[in-house]
Amino acid sequence: MKRRILLFGFLLYATFFLAGLALSPAEEGDVTYDVLIKNGKVLDGSLNKAFEADVAIKGDTIIEVAKSIRGRASRIIDAKGLHVTPGFIDLHTHVDRGMYFPENRDCLNYLKQGTTTVIVGQCGGSAWPIFEKAVDQMRRWDEEGIGPNAALLVGHGTVRNLVMGMEDREPTPEELEKMKELVREAMEQGAYGMSTGLIYLPGRHAETDEIIELAKVVSSYGGIYHTHIRNERDKLLDAVKEAIQISKESGAPAHISHFKVMGKKNWGLVKEACALIEEARAKGLQITADQYPYRFSSGYPYQSLVPDSLWKGKDDPETISSDDVELIFDHLRDSQLIELYKKATPYIPLNKHHKEFLEKLPRKRLVRRVGNQLIDLGEFHGPDNARERMLFLQRMEDPEEAKKIRKGVKKHIDELVGPENFIVGICVEKELEGKSLKEVAALKEKSIAETAIELELMGAKCIPLQMCEKDIEHIMKKDYVGTGSDGTAPFYGIGLTHIRSYSTFLHKIKKYALQRKAVSLPHVIRSQTSLPAQIMHWEDRGRIKEGYKADVVVLDLDNIKINTSISNPHQYSEGVEYLLINGKLALDKGKFTGDLPGEVLKLKD
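Scoring rules and cut-offs
- Residues numbered from 1 in each chain as written.
- Predicted model: local features only at pLDDT ≥ 70, side-chain atom pairs only at ≥ 80, totals over all residues.
- Heavy atoms only, no water.
- Helix = DSSP H or I, 4+ residues; strand = E, 2+ residues; numbered from the N terminus.
- Expected span 1.5 Å × (residues − 1).
- Buried < 20%, exposed > 50% of the residue type's maximum accessible area, 1.4 Å probe, protein only.
- Arc of directions from axis to C-beta.
- Contact = heavy atoms within 4.5 Å.
- Patch = residues over 30% accessible without salt bridge, like charges linked within 9 Å, V, L, I, M, F, W, Y side chains within 5 Å.
- Areas by Shrake-Rupley, 256 points an atom, 1.4 Å probe, with all protein chains shown as cover.
- Salt bridge = Lys/Arg side-chain N within 4 Å of Asp/Glu carboxyl O.
- Lys, Arg positive; Asp, Glu negative; His and termini not counted.
- Charge placed at Lys NZ, Arg CZ, Asp CG, Glu CD.
- Pairing = 2+ DSSP bridges.
- Phe/Tyr/Trp six-rings, centres within 6.5 Å; stacked < 30°, edge-to-face > 60°.

Can you tell me about helix α9 (residues 269-282), naming the residues and giving the values?
Between its first and last C-alpha, α9 extends 20 Å over 14 residues, near the 20 Å set by a 1.5 Å rise per residue. If you check which residues of α9 are buried, you get Leu269, Val270, Ala273, Cys274, Leu276, Ile277 and Ala280. Down the axis, α9 shows its buried residues gathered within 155 degrees of arc, on one side only. Opposite its buried face, α9 presents the exposed residues Lys271 and Ala282, each directed more than 90 degrees away. Along its buried surface, α9 packs onto α8 (236-250), β11 (254-256), β12 (287-291) and α19 (469-476).

This is the structure we're talking about:
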């Protein structure tokens, strides 16, 4: 009996000992894997359904994906009840603006969404300040660390500004060659392509031929052309045709940023736009797009209910303009202007490139840059400006003028999106937040125009829903449309921003795959993992697959929480339990580890 007890004890001990060999953290020199993710449901980035598997990682690479992996690891993650996906790749961001500063280098609002890679330098603005080179930003981030991986684009608008300023004309042959040199320089330093912002200054001054010539430089390096097309409203089809033409004549793949159509009267045009893209793709052109899954646009999505023309009035004196600002500073010497600039710029201390940039600026451009740095013209406009407010109220005292204003306000709202699609975001009367202008008017028992004017005068921040759900879902279903947030890395809690900066990827999963079932879960995951990797020509990212980079999300689908709102946009999302970037934990049990494991991805290494 005693021998049986001893034998049983020995077998029990042996069982636990062997289990320990398989599952306990390894001792030094005895490591099989660095990270072993067990018992999860894997969505591998393809259109395959979720399957149960373990994922083993060593260094920055996925070593094995199998039903059951035996072995030891420095860190074992039990993913039972959770889903394991590739890290999300954001095809369109402006996070470079915030990530320039060490405070935002982690890009936590994106890590919390499961984002492991961002493409930056969009809409024609280079991913580095105008006075620097691509290599400056890359070196800074390489040496100091970043949260997500980042691929940089050179901005056409930045290049044009450097060579021509904001002039509305064609470049001379010499100027075009200089722009080509700057694009070539960025590509040589590792940029992945070029972006345009053809509705912004100075991009909208450029003709199609100019873009084609610069895109040819990008194409010669195997880069990609990202574009904020020239029109996203009634001329959407012409703008899409231009993007296709640029791709065809330059040889560069063309990627359309934040693909959509805005304005109620234009809803439905996306079907014809998609048909144009599909026709071009059928002919062998590489035309793709990205989309953010929201009905409202703009980094600052709040918009006045009373348009400028009605707020100011034709007979009112002009408000302070940029010309007035230039007059204030024009009497100062260049050296005095630069000293003033140093006291106002956030880019401190000025580096060599920054000083050289300022010293070489033509006089007029230097005065304008310093003036813009010191004086924000937005502070001289709107209902919180006492002078403009007084003039507006004086006009409202005239019965005929007041009638014209109300009629104009109603027309503006009807033509833009309709009162049912204008939403109160932030208001001193908190009970109105989240309600449409139509609902508020009914509550107040006033006309749409009277309600709009009242809300404007109390400083309410309202959002027009410029896109419609049918269009969003039509675009989302396309197999060539990835996900791009168009978001930023804001200073946490400061200012108003679009909620897409905090919630795009999890919102898309929760609303469109899990709740509305407009698309399948594998389709959504592919749209923000393997498809973006394919678009960017990354052959080792975007999949849970042996040999791929260990950018991995461990996600609790049942507990995704989108905490941000149009009334309180600075709120982190929840649901990502673990996030690995290049094999290192950035989020552990939902909490930021403090590590900055991201890498700068360079086209030429």
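Here the narrative resumes.
Lay out a negative patch on the surface in plain terms, naming residues and giving numbers.
A grouping of Asp168, Glu170, Glu207, Asp209 and Glu249 is seen on the molecular surface, where their side chains present a negatively charged patch. As for its placement among the helices and strands, Glu170 is situated in the loop between α5 (156-164) and α6 (173-189).

Mind laying out the pairing of strand β18 (residues 584-588), listing which residues take part and the relevant values?
The pairing of strand β17 (residues 576-581) with β18 spans four bridges and is antiparallel. Note on β18: the bridge partner recorded for Tyr578 is Asp588. Taking the residues that link successive antiparallel strands as the turn, the β17-β18 hairpin has two residues, and the phi of Asn582 there is positive, at about 55 degrees. Connecting β18 to the next strand, strand β19 (residues 591-592), in antiparallel fashion are two residues, including Lys589 with a positive phi near 55 degrees.

Describe the packing of aromatic side chains, with residues and values.
If you walk through the whole model with that rule in mind, you get 14 aromatic pairs. A centroid spacing of 5.9 Å and a plane angle of 45 degrees characterise the contact between Phe101 and Phe491, whose relative ring orientation is tilted. Taken together, the residues Phe101 in the loop between α2 (96-99) and α3 (108-111) and Phe491 in the loop between β15 (481-483) and α20 (500-515) connect sequence positions 390 residues apart. When its relative accessible area of 18% is taken as the criterion, Phe101 is described as buried. Taking the relative accessible area as the measure of exposure, Phe491 reaches 37% and is therefore partly exposed. With a centroid separation of 5.2 Å and an interplanar angle of 75 degrees, the aromatic rings of Phe131 and Tyr347 are classed as edge-to-face. One end of the pair, Phe131, is in the loop between β7 (115-120) and α4 (134-144); the other, Tyr347, is in the loop between α12 (334-344) and α13 (352-360), with 216 residues separating them in the sequence.

Shape is all these values report; function is a separate question.
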